[in-house]
Amino acid sequence: MAIDINHEINRLLHFAKQHGMITREDRYYAANCLLDVLQVDEYVPEDDLMEMEEDLPTAAPILRNMLEYASSKGLIENTNEQRDIFDTRIMDCVMPRPSEVIRRWNSDYARSPKAATDEFYKFSIASNYIRKDRIDKNIVWQTATPYGDLDVTINLSKPEKDPRDIAAAKQQAQTSYPKCLLCRENEGYVGRIGHPARKTHRLIPLRLSGHRWFMQYSPYTYYNEHCIVLNRKHVPMKVSKRSFENLLDFVTILPHYFLGSNADLPIVGGSILTHDHYQGGRYTFAMAKAPVEKTYAFKDFPNVKVGRVKWPMSTLRLTGEDRDELTDLADKILKKWRGYSDESAGILAETDGTPHNTITPIARRKGEGYELDLVLRNNRTTPEYPLGIFHPHAEVHHIKKENIGLIEVMGLAVLPARLKSEMAQVAEELVKGTEDISGIPEIAKHAAWYQTVQKKYPGLTKENVNKVLQEEIGQVFLQVLTHAGVYKRNAQGMEAFDRFVAAVQEA
């Protein structure tokens, strides 16, 4: 069916006005920008443009039609990356400039911090920067555990690589601009094969510890209002006293958000260690709900409550209203942990000069006070555990092999898209009663786990098999977190944890 591109232009202009991206006065300017991008010769206004009843939550349906038109006219090759680059060029025609977005943020913030984030988040969805139509495809559920309800998501939102895009990437000129996906220079960047388009990207400037930082939302949000806070400079991740100051500054500015940092070492860190950044948002993870099971006193910090959190990963929780005391105690714990070894627990501070100990910190508000969780991390490897002693072990790699970063630490498993088709096939074999799947190449990796599930749940049916698999995947994620905990949750592990705390108290 032929696309009426003039009508689609009118639809997009109407959508942009509905969502506050343009005004009536911007109509012809924006239309002419669209004519240029779509290589259309003329624009005919539809008189009822402003009275259209269509009320779309995102522009995705309009953009799909425009992309079909562009593909049919040879303006783009119909690949995932080329479509993404082109649809951001289309949306850029109706986008406000960064200065206008910042002006609106400041105006909304004057009403309340929540008003500012509400409006900026809605804008980021309307602009298609947050690709909500894809995020909605993710498979999400919760699994009850002794540590609370863990969140699990099978991530289907990121499109797969197209061989044509891979080939095109080899032909294009090589450039290091922007230096990485987090650099401030991404704002408005057209994109290229291998580097996503950011024409619709907008940043909110912040002052953290007197330095320039920026806040954005993640284009593929893993939880509600998933934001990223990035350093103005392209400098490596570094967890330090300044990190604690920055996190507490942020939750002072936006008290309804949390903010945390990935660790700053390979294996226990996040996916991007080359650019200092944090992740936060408006969501309460199981970790935040986990209780303190044991308290400790620090004589030089009378205004800070300290406790061991009932959580699979070894966590100290600092609570108080005095930010300076919180920061100083967190820094003392970090410095002690950096150089701390306990061979009986498998913890060595360094090997041949290579450091192993660091911390994953998370800050949040508690009324007028502050809460700072410090998760102890160690990235040492051995021949038995070449990917990391405190990393998912081999028996769970069929479900989760990747690093355990900040998001997983807090209780959200981000699992690979492959699991959707693999679990469908596993479910089919369970219902059929197949005894051994090790001979089925696509799901052979799940064979040992499959037999455990089969014994635990005999006689599975089409009606209950998917729920059972979700439950068991959630329990595997609990195992993953247990593997990543430096102090195991047994008598010996808790005694070792207490020895570390005592070492900090005595320092």
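Right above here is the structure, for reference.
The rules we used
Residues numbered from 1 in each chain as written. Predicted model: local features only at pLDDT ≥ 70, side-chain atom pairs only at ≥ 80, totals over all residues. Heavy atoms only, no water. Core = buried A, V, L, I, M, F, W, Y, C linked by side-chain atoms within 4.5 Å. Buried < 20%, exposed > 50% of the residue type's maximum accessible area, 1.4 Å probe, protein only. Helix = DSSP H or I, 4+ residues; strand = E, 2+ residues; numbered from the N terminus. Polar contact = N/O pair within 3.5 Å; in protein donor to acceptor, adjacent residues only side chain to side chain. Contact = heavy atoms within 4.5 Å. Expected span 1.5 Å × (residues − 1). Salt bridge = Lys/Arg side-chain N within 4 Å of Asp/Glu carboxyl O. Pairing = 2+ DSSP bridges. Axes fitted to C-alpha atoms, helices over the stretch in contact; angles between N-to-C directions.

Participant: When you look at the nonpolar core in this model, what are you seeing that I'm missing?
Facilitator: Taken as a class, soluble globular proteins show a tendency for nonpolar side chains to be buried jointly. Grouped together as the largest cluster of nonpolar side chains are 92 residues, with contacts concentrated most on Leu-38, Met-215, Phe-250, Leu-318 and Tyr-487. Counting residues per element, this core draws most heavily on helix H16 (residues 491-506), which supplies 7 residues. Within the second largest apolar cluster, 50 residues are counted, among which are Met-287, Val-309, Trp-311 and Val-414.

Participant: Teacher, can you tell me more about the side chain of Thr-358 here?
Facilitator: For Thr-358, the position within the fold is in strand E13 (residues 357-366). With a relative accessible area of 0%, Thr-358 lands in the buried category. Within the local environment of Thr-358, its side chain forms a polar contact with the side chain of Asp-264, the two groups lying 2.5 Å apart. Look past the residues within four positions of Thr-358 in its chain and what remains in contact with it is Val-239, Ala-263, Asp-264, Leu-265, Val-268, Trp-337, Arg-338, Val-375, Leu-376 and Arg-377.

Participant: What's the story with H16 in this structure? I'm lost.
Facilitator: Residues lying three or four places apart along an α-helix face the same way, a consequence of the helix completing one turn every 3.6 residues. The terminal C-alpha atoms of H16, which comprises 16 residues, lie 22 Å apart, in line with the 22 Å expected from a rise of 1.5 Å per residue. Three or more residues of H16 are buried, namely Gly-493, Met-494, Ala-496, Phe-497, Phe-500, Val-501, Ala-503 and Val-504. Looking at the packing, one finds that the buried side of H16 touches strand E8 (292-296), strand E9 (305-309), strand E10 (315-320), helix H11 (323-338) and strand E14 (369-378).

Participant: Is there a simple way to think about the pattern of salt bridges in this case?
Facilitator: Oppositely charged side chains are able to pair whenever their charged atoms sit close together. Scanning the model with the defined rule gives 39 salt bridges in all. With its nearest N and O atoms 3.7 Å apart, the salt bridge here joins Asp-84 to Arg-131. Here Asp-84, found in helix H4 (residues 80-92), pairs with Arg-131, found in the loop between helix H6 (113-126) and helix H7 (132-135); they are 47 residues apart in sequence, far enough to count as distant. A single burial state applies to Asp-84 and to Arg-131, both of which are buried. The salt bridge partner of Asp-249 is Arg-323, with a shortest N-O separation of 2.3 Å. Here Asp-249 is found in helix H9 (residues 241-253), whereas its partner Arg-323 is found in helix H11, with 74 residues between them in sequence. Of the residues examined, Asp-249 reaches a relative accessible area of 17% and is grouped as buried. Connected through shared salt-bridge partners, Glu-293, Lys-294, Arg-308, Arg-489 and Asp-498 make up one network.

Participant: How do you make sense of the environment of Leu-34 when you look at a structure like this?
Facilitator: In this structure, Leu-34 sits in helix H2 (residues 27-38). Measuring from C-alpha to C-alpha, the distance between Leu-34 and Ile-9 comes to 7.3 Å, with 25 residues separating the pair along the chain. For Leu-34, the residues in contact, after removing those within four places along its chain, are Ile-9, Leu-12, Leu-13, Ile-90 and Cys-93.

Participant: Would you take a moment to explain the sheet that holds strand E2 (residues 148-154) for this structure?
Facilitator: Adjacent strands of a sheet pair through backbone hydrogen bonds, lying either parallel or antiparallel. With mixed pairing, 3 strands are arranged side by side in an open sheet as E1-E2-E15. Both outer strands of the open sheet, strand E1 (139-145) and strand E15 (412-415), are each paired with one neighbouring strand and no more. Averaged over all pairs of adjacent strands, the angle between strand axes in this sheet comes to 20°, irrespective of strand direction. In this sheet, E15 lies alongside E2 in parallel orientation, the contact comprising 4 bridges. In the sheet register, Thr-153 faces E15, and the bridge partner there is Val-414. Its contacts with the sheet place helix H15 (residues 465-484) against E1, E2 and E15, and it is angled at close to 65° to E1.

Participant: Quick question: what am I supposed to make of unusual backbone geometry here?
Facilitator: A negative phi angle is the norm for most residues apart from glycine, just as the trans form is the norm for most peptide bonds. Going from Tyr-177 to Pro-178, the amide bond is cis rather than trans, its omega being -20°. The topology assignment puts Pro-178 in the loop between helix H8 (163-171) and strand E3 (204-208). Of note in this structure, Gln-39 is not a glycine but carries a positive phi near 55°. When its relative accessible area of 59% is taken as the criterion, Gln-39 is described as exposed. Located in the positive-phi region is Glu-225, a residue other than glycine, with phi close to 55°. Taking relative accessible area as the criterion, Glu-225 reaches 5% and is therefore assigned buried.

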